[in-house]
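One letter stands for each residue in the lines below.
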Amino acid sequence: MRIIHTSDWHLGHTLMDKTREDEMKAFFSFLIETIKEKKVDALLISGDIFDTGTPSNAALNLYYSFLASIRDTECKDVFVIAGNHDSPSLLSAPKEVLNMINIHVYATKEDIEPYVLDDKVVILPIPFPRDQELRRLEDGESIKEEDDRLRLAIEELYKRKKKKTAALHPSLPIVAMGHLMATNITAEDKPNLYIGGLGTIDSGSFPKTLSYVALGHIHKKMNLNSSGTICYSGSPIPFSFKEAKDTKVLKLVEIEGREIKVNDIVIPRFRNLYQITGDKDTIEKELKGLVENKEKGWVSIEITESGVSSSVRSMCESLTEGSGIEVIHIKDTTISK
């Protein structure tokens with residue numbers, strides 16, 4: 001059994017008002033070819049399909065066009081869970097029709113139902129745990145008490161659903177899906193990421209007998225345990241200049257009996273993002289280097305020298321004219337807010 005885990009597509013996302021549609025179309029072509037090449041049996045999409053709860057027609061068209069293209073592959077089943085950016089009602093609206101072609105949508109806690117794949121593995125899809133679905137708010141509750149109550153409710157949800165699933169299918173491995181914030185990140189990931197917020201759970205609270213946990217919510221790929229079986233796949237493209245240097249991946253999960261193997265499949269970079277910070281001379285030198293090297297992509301510039309903002313903007317236009325480089329963001333850091 002071969003499964004691909006992906007998440008956080010954020011269809012409809014824009015960067016400085018620039019559409020990401022071309023990049024997502026390229027990603028979907030890569031994903032389809034990967035599914036064919038690896039002979040993938042199932043696809044798990046762990047939330048944040050859309051960037052907002054009211055996606056544009058273009059974003060909806062991207063989503064449904066991709067789902068339609070799955071029919072040309074050997075992938076038998078697709079599992080979609082709602083993320084915090086998704087509208088449960090919008091995702092759920094076509095689920096009865098999609099279910100007829102083995103595309104299974106889980107938008108709320110009430111939708112959670114284990115699904116057996118070819119009598120080989122059970123998929124346990126758990127969508128984003130919304131506060132109102134999990135717990136009763138109490139008057140006078142402190143922030144810490146609220147956090148503890150939500151965290152315990154999330155942990156209990158996973159334990160309860162896993163226990164029920166294991167009772168129904170005791171001999172099969174269980175692959176859980178989730179869209180939430182979890183901690184216990186490996187040391188190499190910690191310096192570059194802040195983790196926190198209400199509902200943050202410890203990865204050690206996931207039931208130990210889960211064979212794999214396919215997570216969404218964090219845009220950076222990361223493993224939350226030493227065996228690499230509790231994973232964030234990360235987003236397929238960088239959604240900000242801060243993510244520009246991140247390696248984007250698909251998680252390929254291979255299951256043979258109770259044995260499980262997880263590998264990264266690196267996603268090509270469909271558009272480069274560059275950041276330049278410095279005084280006018282530094283900006284000119286680095287921008288000229290990108291153009292002379294015939295690089296292509298979008299550039300964000302932060303000016304650290306006062307009084308040169310206007311001339312830097314003119315210089316950028318002049319240097320990049322007719323090239324594959326486009327400056328889409330300029331910030332003068334010397335001007336107080």
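Here, every reference points to the structure presented above.
Model, not experiment: these values are computed from the prediction. (Residues numbered from 1 in each chain as written. Predicted model: local features only at pLDDT ≥ 70, side-chain atom pairs only at ≥ 80, totals over all residues. Heavy atoms only, no water.)

Draft legend 1. Molecular detail of the side chain of His10. Assignment of secondary structure puts His10 in the loop between β1 (2-6) and β2 (14-15). Among the polar contacts made by the side chain of His10, one reaches the side chain of His219 at a distance of 3.1 Å. Once residues within four sequence positions are removed from consideration, His10 is found in contact with Asp48, Ile49, Phe50, Asp51, His85, His219 and Phe239. (Helix = DSSP H or I, 4+ residues; strand = E, 2+ residues; numbered from the N terminus. Polar contact = N/O pair within 3.5 Å; in protein donor to acceptor, adjacent residues only side chain to side chain. Contact = heavy atoms within 4.5 Å.)

Draft legend 2. Region of interest: the environment of Leu62. Turning to its location among the elements, Leu62 is positioned in helix α2 (residues 57-69). A residue is classified by how much of its surface remains accessible, and Leu62, at 9% relative accessible area, is buried. For the pair Leu62 and Met24, spaced 38 residues apart in the sequence, the C-alpha separation amounts to 8.2 Å. Discounting chain neighbours no more than four positions away, the residues touching Leu62 are Leu11, Glu21, Met24, Lys25 and Phe28. (Buried < 20%, exposed > 50% of the residue type's maximum accessible area, 1.4 Å probe, protein only.)

Draft legend 3. Molecular detail of the packing of helix α7 (residues 280-292) against helix α8 (residues 309-320). Look at α7 against α8: their axes get within 10 Å of each other, and the N-to-C directions meet at 15 degrees. One element, α7, and the other, α8, form an angle in the roughly parallel class. When you trace α7 past α8, the crossing you get is right-handed. Contact residues: Lys280, Ile283, Glu284, Leu287, Lys288 and Val291 in α7; Ser311, Val312, Met315, Cys316, Leu319 and Thr320 in α8. Residues that form the contact of α7 with α8 fall into these classes: 7 nonpolar, 2 polar and 3 charged. (Axes fitted to C-alpha atoms, helices over the stretch in contact; angles between N-to-C directions. Parallel < 35°, antiparallel > 145°, perpendicular 65-115°, else oblique. Left-handed = near helix turned anticlockwise from the far one by under 90°. Nonpolar A, V, L, I, M, F, W, Y, C, P; charged D, E, K, R; others polar.)

Note that every value here comes from positions in space, so none of it alone points to a role or purpose.
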